[in-house]
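Here is what each chain is made of, one letter per residue.
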Amino acid sequence: MIAKPSSYRTEIDGLRAIAVIAVIVNHINKSFIPGGFLGVDIFFVISGYVITASLYRHRFENFRDFVGSFYLRRLKRLLPALIVFVGVLSILISLVNPSPGLSLQTGLASLVGASNLVLYRLKTDYFAGSTELNVFTHTWSLGVEEQFYLLFPFIFWFSGLGSKNKGGLKRFAIIMAILSTGSLFGFIWLKLNSPEAAFFLMPPRFWEMGLGCLLFAYEQLRITAPVPSFIAWPSLAVLIVSLWLPENASLLSTLVVAFSTTLLIASLARNRTAVSLLSSSSLVGVGLISYSLYLWHWGVLSLSRWTIGIHWWTIPFQVLLMLALAYSSYRWVEKPLRAASWSAKPIYSFLYGAIGVTSIAALIGILAAPMKGRLFLGQTNELQNDSRLKTQRTVELCNLFDDPESVTSEPGTCGFRSEKGKPMVYLVGDSHIHQYRHAIATYTSHHGLGLHGVWGNACPFPDLTAWASSPDPRKKLCQQQQRVMTNKLLSVVKPGDIIFIGDYLTAYFNPVNAGPAFKEAIQDYSARLREISEILVAKGATVVIYLNAPRFDGLEGMSEGYCFPQWFKPALSPNCTVEAKPFLARRERDFGWVRTWADGKQRVVWDGVDATTCGPVNCIAAHYKDEAHFLDYYSFHMFQRFLRLHPNLLPS
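Below you will find a few notes about this structure. (Residues numbered from 1 in each chain as written. Predicted model: local features only at pLDDT ≥ 70, side-chain atom pairs only at ≥ 80, totals over all residues. Heavy atoms only, no water.)

1. Some points on the overall build of the protein
Part 1 of the argument: Counting its regular elements, the protein contains 25 helices and 11 strands.
Part 2 of the argument: With the principal axes as the frame, the protein shows a C-alpha extent of 90 × 50 × 45 Å.
Part 3 of the argument: Here the contacts in the protein between residues at least 6 apart in sequence split such that 79% fall between residues at least 24 apart.
Part 4 of the argument: Summing over all exposed atoms, the protein offers an accessible surface of approximately 28100 Å²; the carbon and sulfur share of this is 62%.
Part 5 of the argument: Of note, the protein has its 58 positive side-chain charges centred 9 Å away from the centre of its 43 negative side-chain charges. (Helix = DSSP H or I, 4+ residues; strand = E, 2+ residues; numbered from the N terminus. Contact = heavy atoms within 4.5 Å. Areas by Shrake-Rupley, 256 points an atom, 1.4 Å probe, with all protein chains shown as cover. Lys, Arg positive; Asp, Glu negative; His and termini not counted. Charge placed at Lys NZ, Arg CZ, Asp CG, Glu CD.)

2. Considerations on the pattern of salt bridges
Part 1 of the argument: Using the criterion set out here, one finds 24 salt bridges in the structure.
Part 2 of the argument: Overlapping salt bridges, with partners in common, bring together Asp463, Arg483, Arg528 and Glu531 in one network. (Salt bridge = Lys/Arg side-chain N within 4 Å of Asp/Glu carboxyl O.)

3. Some words on the layout of surface pockets
Part 1 of the argument: Each pocket or cavity is described by its volume, and for the largest pocket that value is around 1300 Å³.
Part 2 of the argument: Residue lining of the largest pocket: 41 residues in total, with Arg16, Val50, Ser54, Arg74 and Arg77 positioned closest to the centre.
Part 3 of the argument: The set of elements that each furnish at least two residues to the lining of the largest pocket consists of α1 (10–28), α2 (39–56), α3 (63–96), α6 (140–158), α9 (206–221), α13 (281–288), α14 (290–306) and α15 (315–339).
Part 4 of the argument: A per-class count over the lining of the largest pocket returns 19 nonpolar, nine polar and 13 charged. (1 Å grid on protein atoms, 1.4 Å probe; cavity = no way out; pocket = protein on both sides within 12 Å on 5 of 7 lines; lining within 4 Å. Points joined across faces, edges and corners; volume = space filled by probe spheres on them. Nonpolar A, V, L, I, M, F, W, Y, C, P; charged D, E, K, R; others polar.)

4. Re helix α20 (residues 473–492)
Part 1 of the argument: For α20, spanning 20 residues, the distance from its first C-alpha to its last is 29 Å, which sits close to the expected 28 Å at 1.5 Å a residue.
Part 2 of the argument: Looking at α20, one finds that the buried residues are Cys478, Gln479, Gln481, Gln482, Met485, Thr486, Lys488, Leu489 and Leu490.
Part 3 of the argument: Regarding α20, its N-cap is aspartate 472, as a side-chain oxygen of that residue lies 2.9 Å from the backbone nitrogen of arginine 474 further along. (Expected span 1.5 Å × (residues − 1). Buried < 20%, exposed > 50% of the residue type's maximum accessible area, 1.4 Å probe, protein only. Polar contact = N/O pair within 3.5 Å; in protein donor to acceptor, adjacent residues only side chain to side chain.)

5. Concerning the nonpolar core
Part 1 of the argument: Of all hydrophobic cores here, the largest spans 161 residues; its most connected members are Trp140, Phe500 and Phe639.
Part 2 of the argument: Among the elements that make up this core, the one with the highest residue count is α3 (15 residues).
Part 3 of the argument: By size, the runner-up hydrophobic cluster in this structure holds 39 residues, among which are Val454, Ile522, Leu536 and Val543. (Core = buried A, V, L, I, M, F, W, Y, C linked by side-chain atoms within 4.5 Å.)

6. Observations regarding the side chain of serine 250
Part 1 of the argument: Mapped onto the elements, serine 250 comes out in helix α11 (residues 250–268).
Part 2 of the argument: For serine 250, a relative accessible area of 8% translates into the label buried.
Part 3 of the argument: Polar contacts involving the side chain of serine 250 include one to the side chain of lysine 191, which spans 3.0 Å.
Part 4 of the argument: With residues near it in sequence (within four places) discarded, serine 250 still touches Phe37 and Lys191.

7. Some thoughts on unusual backbone geometry
Part 1 of the argument: Cis peptide bonds are those with omega within 30 degrees of zero, and the linkage from phenylalanine 461 to proline 462 qualifies with -10°.
Part 2 of the argument: Inspection of the secondary structure assignment puts proline 462 in the loop between β6 (450–455) and α20.
Part 3 of the argument: For lysine 123, which is not glycine, the phi torsion reads 55° and is therefore positive.
Part 4 of the argument: Assignment of secondary structure puts lysine 123 in the loop between α5 (115–121) and α6.

8. Considerations on the packing of aromatic side chains
Part 1 of the argument: With the rule as written, the count across this model stands at 52 aromatic pairs.
Part 2 of the argument: A centroid spacing of 6.2 Å and a plane angle of 70° characterise the contact between tyrosine 126 and tryptophan 140, whose relative ring orientation is edge-to-face. Remark: tryptophan 140 occurs in helix α6 and tyrosine 126 occurs in the loop between α5 and α6; sequence separation between them is 14 residues. The same class applies to tyrosine 126 as to tryptophan 140, namely buried.
Part 3 of the argument: It is arginine 205 that lies over the ring of phenylalanine 199; its NZ or CZ is 5.0 Å from the centre.
Part 4 of the argument: Sitting above the plane of the phenylalanine 401 ring, arginine 474 keeps its charged end 3.8 Å from the centroid. (Phe/Tyr/Trp six-rings, centres within 6.5 Å; stacked < 30°, edge-to-face > 60°. Lys NZ or Arg CZ within 6 Å of the ring centre and 35° of its normal.)

9. A word on the side chain of aspartate 607
Part 1 of the argument: Position of aspartate 607 relative to the elements: it lies in strand β10 (residues 603–607).
Part 2 of the argument: Using a relative accessible area of 18% as the deciding quantity, one classes aspartate 607 as buried.
Part 3 of the argument: Within the structure, the side chain of aspartate 607 is placed 2.9 Å from the side chain of arginine 587, a separation counted as a polar contact.
Part 4 of the argument: Reaching out from aspartate 607, the side chain makes a polar contact with the backbone nitrogen of valine 609 at a distance of 2.9 Å.
Part 5 of the argument: Sequence-distant contacts of aspartate 607, that is, excluding residues within four places in its chain, are made with Leu547, Arg587, Arg595, Met638 and Arg641.

10. Observations concerning the packing of α1 against α14
Part 1 of the argument: Interaxial distance between α1 and α14 falls to 10 Å at its minimum, and their mutual angle equals 5°. With respect to α14, the element α1 is oriented roughly parallel. Along the contact surface, α1 presents Arg16, Val20, Val23, Ile24, His27 and Ile28, while α14 presents Ser290, Leu293, Tyr294, His297, Trp298, Leu301 and Arg305.
Part 2 of the argument: Here the contact of α1 with α14 is built from residues that sort into eight nonpolar, three polar and two charged. (Axes fitted to C-alpha atoms, helices over the stretch in contact; angles between N-to-C directions. Parallel < 35°, antiparallel > 145°, perpendicular 65-115°, else oblique.)

11. Brief notes about the state of the cysteines
Part 1 of the argument: Inspection of the entire model under this criterion finds four disulfides.
Part 2 of the argument: Disulfide pairing places cysteine 398 opposite cysteine 414 at an S-S distance of 2.0 Å. A torsion of -90° about the S-S bond marks the disulfide between cysteine 398 and cysteine 414 as left-handed. Of the two residues, cysteine 398 sits in strand β3 (residues 398–399) while cysteine 414 sits in the loop between β3 and β4 (415–416), which places them 16 residues apart along the sequence.
Part 3 of the argument: For cysteine 398, a relative accessible area of 13% corresponds to the buried category.
Part 4 of the argument: Owing to a relative accessible area of 2%, cysteine 414 belongs among the buried residues under this scheme.
Part 5 of the argument: In this model cysteine 614 forms its disulfide with cysteine 619; the gap between the sulfur atoms is 1.9 Å. Between cysteine 614 and cysteine 619 the sulfur-sulfur dihedral comes to about 105°; the bridge is accordingly right-handed.
Part 6 of the argument: You can call cysteine 614 buried: its relative accessible area is 9%. (Disulfide = S-S within 2.5 Å.)

This is the structure:
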């Protein structure tokens, strides 16, 4: 390999600094720079430009020399700092998170450039507050870039550009233009139809790095006159302003940021004033450590959210800690190991990298299995430690959306059949009854009772009549399926059977700006629920109506234990609490009739709230697994509490 003199451009590092600062500020508080997360898109364009320029400056003897050199440079550039970061954060998160499995899984995947795939498979919403609790969420962008590098060197070499064949540059540009155009259209379509795929996957992100590659090819081909220098200022202005576009305009802002970044790089070289601005020592300094800073900033913020929180008075210390860790990583890990010759033989250098990855992977495996929970510095709550609440029988019920035929299935097929002469227990409703499936299955199986359950996500039982004419096809399907389910249940129920009806009642009827329609909807549903319940009672069955617990907005996908008070967490996140009185008052106003309807015999009410959830002032999500559902051990606790209050309900 023969290298030409470096054409290092300090202003590119200045642009990297702007990108990483925007990302950090957004991650501290999204309201400061709503589109700051688009700094990653700036990085993507820069990466495409810089990697193409870097490879173009070198001459390679053959493809083996080329591809070996390419991946060795990437290995030395990215892996050392990542290995140190993942190793340290895996230990630290295990100290403050009692169930760090998601973080460890993501960190393990990041070592092989696959964390974006893990996050996509888990249907992660990058913009949800709970995403901030995974200390390795931000490594998704490294996964996208590393997957791009799996494809890029082959395009570079076999287009003829790598071997400096005549016409290679033009062929490279044509191939990249075709692939980038397809990727761009794919990104737009996925953004509208599958936002997670558009965000996390490499193919719909290819076009952003492709823009940087095409820019370099355009500069070398000199097909037209260079981009005028004055374009630098409006490009920079548009780039910065677009970072303040709202989150829900991310399709537009992503396009604007990527193309304005491309124009800015294209016009910078001939604009001395702009180059001088972006080449200031402070910006260049931040740009040089931007990779390490990107790694560590998220770790500091995520750990802060698990401990002291992020407040106006903590932010200066947290920023200083980010900078100190980033500089240390750059100074003693990233820079020296990138410049060092790991071995005279490239194969040994790759082996050293593999040993490093394997070592951290082994550490993660130890933390996830034999050492699981042993490093945790906090206290687990008494309910969680109660062995009587451990799941003994698991069961998966039928979902009326995933399995439409289940609404007409025979008793026991969506659960298990009862012993001869013993009753069936039916679970109907939405996810709020589904969360009790393991607890109820354990009890019923031990006592020979049968279990049959059909549920639907955000799909109440009995059917909401108003949804029959809803423009939302899912609501319409829900209404149809629950109507069929109701008729089937009425046809098979027998004396002695028990029917648990559990819905997120307070969610389906929103009083905000609802007017008279709100009261009518509640009255209609309540009348339908009472009617079906009375028919079931008349057939000799017992009906249990569940009154749901509160919802905690902002905890979607929350990590277990996040809302449990700890000594290292002086104040819980505001998302972990809601005011008790307004929630309970509204529930009683709209569905208090259930209490007067209940007689404690064949008509029973099950309150999903007790003192461990709601106190006199606030309700707390200490035992929740997300914004609205209980952890398994707490479902057991609530079901056992219900049985103590109604000891004669279920035969034993």
